[in-house]
Amino acid sequence: MAEVLWGLATSHVPSIGAAMDRGKTEDPAWKDLFDGYAPARAWLAEHRPDVAIVVYNDHANGLDLDIVPTFGIGTADSYRVADEGYGPRQVPDVIGDPDLSLHLLESLIDEGFDLTVFQELEVDHGLTVPLSVWTPDPGDAWPCPVVPILVNVIQYPQPTAARCYALGQALGRAIASYREDVTVGILGTGGMSHQLAGSRAGFINPEFDAMWLEKIETDPSALASLSREELIRQAGSEGIELIMWLIMRGAMNPRVSTVHKHYFLPASNTAAGIALLDNRPG
Amino acid sequence: MTAAPTLTEGTPMSSSEAGGRIDVPGTPIFDGQTSRRGLRLNKMLMSFRSADNRERFTADEAAYCAEFGLAPEQTQAVLDRDWTAMIDLGGSIFYVYKLAMMDGRSMQYLGGVFTGMTEEEFQAELRAGGRRHG
Ligand SMILES: [Fe+2]
């Protein structure tokens, strides 16, 4: 039986990766963000799982709009880092864990979550930036193999927050029923509040973000009850991607404890948050 | 080569009025009708992931748009770098951004365009804690 060690919720803003790739982490515009990551990185370095599940969305790099799967899962041996238009990030390709992927897929389908299967997938900043937030200097390889879980957050109607939370709970059961005794870290990515287009572009809502950062630990079902419209109104048209944090949280124990949280703005147009949760109650 | 479609499906949308069933002022909703309207435009923008395609586009932008079957007003928006019109005509911001990157433009520049500000003014508002009201 596999066991979830921790959940890491984090923004996946491309400029966070770019700031690291270009050695700008000590710049005044960025220093507070990266200082805020330090305690989480130190704890994670001592709690390395055998495998990680990264819940993320693609941004017109691995997928286009021909097919818009609401939920998907990668089942490949490895995932190449995508060229997003300026050359791929100089970070390692991502090693997969197809055995775990296929187990999760079957278990989730048996529970009524019919995920689309990606046998080939190039991964973009949505997946690699969270890995960099966790491991700033991966060297030749990321700390462990990765199972990507994809969520459509770009084209309305996105899955509801409630459905994401329920998927997370089913994912937790799927992990528990895995035949191998492996340890698992789960990353829920995206957010926090932001909006990129329209006359409300630049919208950020720190009060909403503070509420979300607290309740993701203490009361995730309250977050799961928010409607799509309420999320877009309060978190911005792109901030709705916070629903992916609920998949991570759903896979964890009802009671968890916070290792570290940090909030920063702006990371380009976005409020950036991190919440590292230990799956053991405090 | 696809013939240029007309954009009669769905209701016309501007970035000041949300499409679909959600109405949040100043917030374009990239819904199914919008995505139908923008499919060819977005496919063209997606093609900019490859350096070869970026070169071909730069060599003859109008011909490249025609190859992807863009509607005349979509082609015009691309040629004019009318970012608001691209969004109104079905462009997804993540796809439109690929053209902006080719032009060396940042997301903060686009934010300035959408809100009637310079890039610097837009950035200053973000640094001051973000824009609370659109
Ligand atoms: Fe995203």
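Our structure's up above, just so we're on the same page.
Everything numeric here is computed off the predicted structure, so don't read it as measured data. Residue numbering note: each chain is counted from 1, following its sequence as written. Here chains are named by letter from A upward and ligands by number from 1 upward, in the order in which they appear as written. Note on the predicted model: pLDDT of at least 70 is required for a residue's local features to be given, and 80 or more for side-chain atom pairs to be given and counted; whole-chain, interface and lining totals, by contrast, use all residues. Processing note: side-chain calculations cover all non-hydrogen atoms of the structure and skip hydrogens and water entirely.

J.: Looking at this structure, how should I read the overall build of chain B?
T.: Segments assigned H or I by DSSP are reported as helices when at least four residues long, segments assigned E as strands when at least two residues long, and all are numbered from the N terminus. Scanning chain B from N- to C-terminus turns up eight helices and zero strands. The order of helices and strands in chain B, counted from the N terminus, is α-α-α-α-α-α-α-α. Counting contacts in chain B only where the partners sit at least 6 residues apart, residues at least 24 apart contribute 49% of the total. In what follows, a contact means two residues having at least one pair of non-hydrogen atoms within 4.5 Å.

J.: What is the right way to look at the interface of chain B and chain A in this model?
T.: Note: interface size is frequently given as the accessible area lost on complex formation between the parts. Taken together, the contact pairs 41 residues of chain B with 38 residues of chain A. Interface of chain B and chain A: buried area, both sides summed, is about 3,500 Å²; carbon and sulfur atoms make up 59% of it. Any carboxyl oxygen of Asp or Glu within 4 Å of a side-chain nitrogen of Lys or Arg constitutes a salt bridge here. Along the contact surface separating chain B from chain A lie two salt bridges. Taking the shortest distance from any N to any O, the salt bridge between Lys43(B) and Asp66(A) comes out at 2.4 Å. Polar contact criterion, stated in full: a pair of N or O atoms within 3.5 Å, where within protein one must be able to donate a hydrogen and the other to accept it, and residues adjacent in sequence count only if both atoms are side-chain atoms. On inspection of chain B and its partner chain A, the count reaches 20 residue pairs in polar contact (both at pLDDT 80 or more). Of all the secondary-structure elements, those providing two or more residues to the side of chain B that touches chain A are helix H1 (32-46), helix H6 (93-102), helix H7 (107-115) and helix H8 (119-127) of chain B. Basically, the charged four are Asp, Glu, Lys and Arg, the nonpolar ten are Ala, Val, Leu, Ile, Met, Phe, Trp, Tyr, Cys and Pro, and anything else, Gly included, counts as polar. Partitioned by chemical class, the residues of the side of chain B that touches chain A number 18 nonpolar, 13 polar and 10 charged. By buried area we mean the combined loss of accessible area, with a 1.4 Å probe, across both parts when two parts are placed together.

J.: What exactly am I supposed to notice about the sheet that holds strand E7 (residues 122-123) of chain A here?
T.: Whether parallel or antiparallel, the strands of a sheet pair through hydrogen bonds between backbone atoms. Residue and element names in this part refer to chain A. Two strands pair if DSSP finds at least two bridges between them. Strand order in the open sheet made by the three strands is E5-E4-E7, with mixed pairing throughout. Strand pairing shows two members of the sheet lacking a second neighbour, strand E5 (94-95) and E7, which therefore form its edges. Taken together, the two bridges between strand E4 (residues 78-81) and E5 define a ladder with antiparallel strand orientation. Along E5, the bridge assignment pairs Ser78 with Ile95.

J.: Teacher, can you tell me more about the pattern of salt bridges here?
T.: Two side chains with opposite charge may pair up if their charged atoms get near one another. Residue and element names in this part refer to chain A. What the rule picks out here adds up to 15 salt bridges over all chains. Across the pair Asp35 and Lys31 runs a salt bridge whose closest N-O atoms are separated by 2.8 Å. One end of the pair is Asp35 and the other is Lys31, both in helix H2 (residues 31-45) and four residues apart, which spans about a single turn. Given a relative accessible area of 40%, Asp35 falls into the partly exposed group. Residue exposure (1.4 Å probe, protein chains only): buried if accessible area is under 20% of the type maximum, exposed if over 50%, otherwise partly exposed.

J.: Please clarify how the environment of Ala85(B) should be interpreted in this entry.
T.: As for its placement among the helices and strands, Ala85(B) is situated in helix H5 (residues 83-88). Placed 11 residues apart in sequence, Ala85(B) and Gln74(B) show a C-alpha to C-alpha distance of 7.8 Å.

J.: Which parts of the structure should I look at to understand the coordination of the iron ion?
T.: Put simply, the ideal angle at a metal is 109.5 degrees for four donors in tetrahedral geometry and 90 or 180 degrees for six donors in octahedral geometry. Residues and elements named next belong to chain A. Metal coordination here is assigned from N, O and S atoms located within 2.8 Å of the ion, or within 3.2 Å for Na, K and Ca; omission of water means that sites may look incomplete. Coordination of the iron ion by the protein is provided by His12 (NE2), His59 (NE2) and Glu241 (OE), with metal-donor distances spanning 2.1 to 2.2 Å. On the primary sequence, the residues serving as donors to the iron ion are separated as H-x46-H-x181-E. Of this pair, His12 sits in the loop between strand E1 (3-10) and helix H1 (14-21) while Glu241 sits in the loop between helix H8 (228-235) and helix H9 (243-250), placing them 229 residues apart in sequence.

J.: What's the story with the packing of aromatic side chains in this structure? I'm lost.
T.: To describe a pair of aromatic rings, you give the distance between the ring centres and the angle between the ring planes. Planes of paired rings set the category: under 30 degrees apart is stacked, over 60 is edge-to-face and the rest tilted, where pairs are Phe, Tyr or Trp rings (Trp by its six-membered ring) whose centres lie within 6.5 Å. A complete count under the given rule lists nine aromatic pairs over all chains for this structure. Centroid distance Phe34(A) to Tyr37(A): 5.7 Å. Interplanar angle 90°. Geometry classified as edge-to-face. Of this pair, Phe34(A) and Tyr37(A) both sit in helix H2, three residues apart, roughly one helical turn. Relative accessible area serves as the criterion here: at 7%, Phe34(A) is assigned to the buried category. Overall, Tyr37(A) belongs to the buried group, its relative accessible area being 2%. For the ring pair Tyr64(B) and Phe68(B), a centre distance of 5.1 Å and an interplane angle of 40° mean the geometry is tilted. When its relative accessible area of 2% is taken as the criterion, Tyr64(B) is described as buried. When its relative accessible area of 22% is taken as the criterion, Phe68(B) is described as partly exposed. Clustering of aromatic rings is evident, with ring pairs tying together Trp30(A), Phe34(A), Tyr37(A) and Phe264(A). The positively charged end of Arg200(A) is found above the aromatic ring belonging to Phe203(A), 4.0 Å away from the centroid. Here, a charge over a ring means that NZ of Lys or CZ of Arg falls within 6 Å of the ring centre while also lying within 35 degrees of the ring normal. The ring of Tyr109(B) has Arg105(B) lying over it, and the distance from NZ or CZ to the ring centre is 3.9 Å.

Taken by themselves, the reported measurements are silent on function.
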